[in-house]
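# Coordinate inspection notes
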Amino acid sequence: MHYLKQREVQLALLIVLLAGAVGLRAPVFLTPGSLANLLTDSTLLIMLALTQMFVIVTRGIDLSVASNLALSGMMAALLAVNYPELPLVLVMLVAVVIGLLLGLVNGYLIGYLDLPPIVVTLGTMSVYRGLVFVLSGGAWVSSHQMPAGFIAFPLSHLFGITHLVWIAAAAIIATWLLARYTRFGRDLYAIGNQPLAARYVGISTARRLFWTYGLSGMMAGLCGYLWVARYAVAYSEIAYGFEFTVIAACVIGGISIAGGAGTVAGAVLGALFLSVINNALPIIKVSPFWQSALTGIVILTAVLINARGNKKAGRQILPLAMLQPSSRSAA
């Protein structure tokens with residue numbers, strides 16, 4: 001845990017230093033408007049990284065999040081276009097439920113049928129992406145077809161802050177509480193540390209995995225609506241390849257691919273770090289080809305650091321207080 005905290009502090013300082021360095025080269029990057037746009041642009045990545053963190057903690061992976069996002073977003077857009085009188089809350093709820101159901105498909109195949117997560121989610125990634133094309137007929141849903149309220153919500157302001165930022169803040173708080181103060185969250189770390197031992201102590205691994213992938217899908221569904229409304233367009237290639245950016249954010253934030261280690265703060269900082277890079281490099285006129293290369297170098301460096309940290313730090317399933325003999329036993 002000390003290593004993780006140290007890693008998060010270092011990553012936060014690195015983000016500040018990176019932003020400062022870019023600001024020296026291009027002062028416009030540090031203006032309040034630019035930083036506000038950066039924060040807004042990072043929200044969807046942060047939200048998806050939060051639930052991807054839970055999946056990775058269990059030694060899993062969800063490659064279908066971007067396809068789930070695309071399918072949920074497309075269905076929300078088509079629903080709003082064909083039934084413009086529907087309340088926005090209902091359209092958002094439909095997107096969330098669709099995402100949840102798609103995630104639960106992954107959870108059932110992985111949790112109850114014990115299939116490999118990478119194989120299952122790679123398959124559903126292709127299926128969901130194909131369904132986007134089938135449902136839309138390959139056509140785009142553009143801004144002039146969507147109701148004004150549908151498009152306006154994500155970037156509307158509440159107390160001077162966009163709804164996107166408020167929703168992301170609520171997601172951060174909710175996932176932090178889930179990870180830190182609930183049995184569900186503690187069980188996920190136990191499963192990631194020692195799956196067999198977790199079963200021996202009575203943790204229902206299948207049920208936990210079922211709902212973990214459902215949670216990931218639910219977040220993807222919500223982000224599906226927010227993405228489509230934020231950019232005012234829905235098409236079959238929405239967020240194509242974004243699942244790898246989400247996973248990269250988790251890795252950079254210190255979430256161990258080997259499972260059992262990772263924090264909400266790490267996922268948020270990893271997403272912010274990538275957002276700073278993606279927003280800063282075009283401003284300082286770095287070639288798009290170099291942008292991809294630099295992002296890849298950052299990911300490889302994060303993997304190496306994680307590997308070294310895992311070698312130094314031992315793993316622990318139960319709190320130390322539970323491992324110590326009770327006073328009655330000692331007597």
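Within every chain, residues take consecutive numbers counted from 1 along the sequence as written. In keeping with the model being predicted, local features are shown solely for residues with a pLDDT of at least 70 and side-chain atom pairs are shown and tallied solely at 80 or more, while totals for entire chains, interfaces and linings include all residues. To get the side-chain values, all heavy atoms of the structure are used, and hydrogens and water are removed first.

## Quick notes on the overall build of the protein chain
Per the secondary structure count, the protein chain includes 15 helices and four strands. Within the protein chain, the proportion of its 331 residues that are buried is 48%. As presented, the protein chain carries roughly 16400 Å² of accessible surface, and 70% of it is formed by carbon and sulfur atoms. Numbering of helices and strands starts at the N terminus; helices are DSSP runs of H or I of at least 4 residues and strands are runs of E of at least 2. Accessible area is worked out with a 1.4 Å probe on protein chains only. A residue is then buried under 20% of its type maximum, exposed over 50%, and partly exposed in between. For every accessible area listed, the method is Shrake-Rupley and the probe measures 1.4 Å; residues are considered covered only by the protein chains on display.

## A few points about helix H3 (residues 65-82)
One less than the number of residues in a helix, times 1.5 Å, gives the span that helix is expected to have. For H3, spanning 18 residues, the distance from its first C-alpha to its last is 26 Å, which sits close to the expected 26 Å at 1.5 Å a residue. By the criterion of burial, H3 is predominantly enclosed, with 14 of the 18 residues buried.

## Description of the nonpolar core
Among the nonpolar cores identified, the biggest contains 83 residues, and Met47 and Phe150 are the most heavily contacted of them. Broken down by element, this core gets its largest block of residues, twelve residues, from helix H2 (residues 32-57). If near-sequence neighbours (up to four positions away) are discounted, Met47 is found in contact with Ile167, Ala168, Ala171, Met219, Leu222, Cys223 and Leu226. The set of buried Ala, Val, Leu, Ile, Met, Phe, Trp, Tyr and Cys residues whose side-chain atoms join them within 4.5 Å is what this entry labels a nonpolar core. Any two residues whose heavy atoms approach within 4.5 Å at even a single point are treated as in contact.

## Here's the deal with the packing of H3 against helix H4 (residues 88-112)
Geometry is summarised by axes, namely lines fitted to C-alpha atoms with helices restricted to the contacting stretch, and by angles between N-to-C directions that run from 0 to 180 degrees. Following both chains from N to C, one finds H3 and H4 inclined at 150°, their axes separated by 9 Å at the closest point. By the angle between their axes, H3 is roughly antiparallel relative to H4. The way H3 lies across H4 gives a crossing that is right-handed. Residues Asn68, Leu71, Ser72, Met75, Ala76 and Leu79 of H3 form the contact with H4, whose own contacting residues are Val91, Val94, Ala95, Ile98, Gly99, Leu102 and Gly103. Between 65 and 115 degrees an angle is taken as roughly perpendicular, under 35 as roughly parallel, over 145 as roughly antiparallel, and anywhere else as oblique. Left-handed describes a crossing whose near helix is turned anticlockwise from the far helix by less than a right angle; the clockwise case is right-handed.

## Focus on a nonpolar patch on the surface
Patch membership needs two things, relative accessible area over 30% and no salt bridge, and members are linked within 9 Å if like-charged or within 5 Å if nonpolar (Val, Leu, Ile, Met, Phe, Trp, Tyr). Every case where a carboxyl oxygen of Asp or Glu lies within 4 Å of a side-chain nitrogen of Lys or Arg is listed as a salt bridge. On the surface, Leu90, Leu93, Val97 and Leu101 cluster together into a nonpolar patch covering about 340 Å² of accessible area. Position of Leu101 relative to the elements: it lies in helix H4.

## Topic: the layout of surface pockets
When its volume is computed, the second largest pocket comes out at roughly 320 Å³. Using only the protein atoms, space was sampled on a 1 Å grid; points where a 1.4 Å probe fits but cannot get out form cavities, open sets with protein on both sides within 12 Å along at least five of seven lines form pockets, and lining residues are those with an atom within 4 Å of a point. What lines the second largest pocket is a set of 14 residues, among which Leu45, Phe242, Thr245, Leu274 and Asn278 lie closest to the centre. Counting only elements with at least two residues in the lining of the second largest pocket, the list comes to H2, helix H10 (205-231), helix H11 (242-252), helix H12 (264-283) and helix H13 (288-312). Of the residues forming the lining of the second largest pocket, the biggest block, four residues, is contributed by H12. Residues are grouped as follows: Ala, Val, Leu, Ile, Met, Phe, Trp, Tyr, Cys and Pro are nonpolar; Asp, Glu, Lys and Arg are charged; all remaining types, including Gly, are polar. Per-class residue counts for the lining of the second largest pocket are six nonpolar, seven polar and one charged. Grid points are joined across faces, edges and corners, and a volume is the space filled by probe spheres set on the points.

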